[in-house]
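# Secondary and tertiary structure notes
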Amino acid sequence: MGVDSLVIIPTYNEKENIKELIKEVLHQGDEFEILIVDDNSPDKTGNIVLEISKKDQRVHLIERRDKLGLGTAYIEGFKYALENDYEFIYEMDADFSHDPSVLPVFRKYLKEEGFDMAIGSRYKDGVNVVNWPMSRLILSYCANFFAKTITGAPISDLTSGFKGFRRKVLESLNFDIIKADGYGFQIEVHFYSYRKNFRIKEVPIIFIDRRSGHSKMSKKIVWEAFWIVWGLGFRRLFRVS
Ligand SMILES: Nc1nc2c(ncn2[C@@H]2O[C@H](COP(=O)(O)OP(=O)(O)OP(=O)(O)O)[C@@H](O)[C@H]2O)c(=O)[nH]1
Ligand SMILES: [Mg+2]
């Protein structure tokens, strides 16, 4: 089978995880390639990936000069995927919260069942989060309830960072109006895709707290998402697309 899939993984200080993760993703099948978008991680994650990419043509690297945020990292990755003719494009974290064996499941929904997007959902069938402190779980759950209510997007996990797109979804998005860096970015992408009437499949996943390394979660990211949600609610109300 030919390559048709690109898994985009943004990284910032993920040296403990990245090598093993790349190995596990590539193991999912010959149709998968990987793009790491690293923001000049001080722990030299970028160097580890560079060495791997020199030996393995299925691994690609974009190294940015600074920590410019998750949102712009994904947008650079999306542009790369479109320029390089991948049909199916995925988002995934580098910290093993997302199980690589779900990637072929996403691909199956996109390729064989005609969905345009497959979103890994922690809240589809109950709550499937392992090892998170209760405070973090409550924050995530409430944030999702709030975002769903205000934006009207009927997706149970609007902040999910694990998903697959058919390329036409990314072709249709106006990257210039996507503003957020953190979770707000995921809400924006879901909202705009839903509003364009793409066929969306929610796939229940089990989300496990990061294996190693440190969280980049911050109050700033939570506040950013809060204001983004109100902005999207405004768009919904006044039917601005
Ligand atoms: N390129 C890039 N990657 C980032 C940036 N911030 C976070 N990441 C990566 O984005 C993914 C998600 O970030 P995490 O720190 O795991 O955020 P989280 O999942 O909300 O929080 P924890 O799992 O608790 O750490 C990881 O692969 C990070 O390395 C950034 O500014 N630039
Ligand atoms: Mg994480």
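Our subject is the structure that appears above.
Residues numbered from 1 in each chain as written. Chains lettered and ligands numbered in written order. Predicted model: local features only at pLDDT ≥ 70, side-chain atom pairs only at ≥ 80, totals over all residues. Heavy atoms only, no water.

## Points about the site of ligand 1
Using the following cut-off: Near, as used in this document, describes a residue that has one of its heavy atoms within 4 Å of the molecule or strand being considered. In protein, a polar contact means a hydrogen-donor-capable atom and an acceptor-capable atom, both N or O and within 3.5 Å, with residues adjacent in sequence counting only if both atoms are side-chain atoms; elsewhere, any N or O pair within 3.5 Å suffices. Surface accessibility in these figures is a Shrake-Rupley result with a 1.4 Å probe; residues are shielded only by whichever protein chains are displayed. Here a strand is any run of E in DSSP of at least two residues, a helix any run of H or I of at least four, and the numbering for each starts at the N terminus. Side-chain classes follow a simple rule in which Ala, Val, Leu, Ile, Met, Phe, Trp, Tyr, Cys and Pro form the nonpolar group, Asp, Glu, Lys and Arg form the charged group, and the remainder, Gly included, forms the polar group.
As a structural note, the neighbourhood of ligand 1 is formed by 18 residues, with Glu14, Asp39, Arg136, Tyr183 and Arg210 the closest of them. Interatomic distance of 2.6 Å between a side-chain N/O atom of glutamate 14 and an oxygen atom of ligand 1. Within the backbone of glycine 69, one N or O atom sits 3.2 Å away from an oxygen atom of ligand 1. Protein contacts shield 94% of the accessible area of ligand 1, which totals 620 Å² for the unbound molecule. Elements represented by at least two residues in the shell around ligand 1 include exactly β1 (5-11) and α3 (70-83). Residue classes in the shell around ligand 1 are distributed as 7 nonpolar, 3 polar and 8 charged.

## Some thoughts on the environment of leucine 237
For the record, the criterion: We call a residue buried when its accessible area falls under 20% of the maximum for its residue type, exposed when it is over 50%, and partly exposed in between, using a 1.4 Å probe and counting protein chains only.
With respect to the helices and strands, leucine 237 occurs in helix α8 (residues 219-237). Taking relative accessible area as the criterion, leucine 237 reaches 62% and is therefore assigned exposed. Through-space distance from the C-alpha of leucine 237 to that of alanine 180 is 20 Å; in sequence the pair is 57 residues apart.

## A look at helix α4 (residues 103-111)
Under the convention used in this document: Arc, as used here, means the arc of the directions from the helix axis to the C-beta atoms.
By the burial criterion, the buried members of α4 are Leu103, Phe106, Arg107, Tyr109 and Leu110. End-on, the buried residues of α4 take up no more than an arc of 160 degrees, which puts them together on one face.

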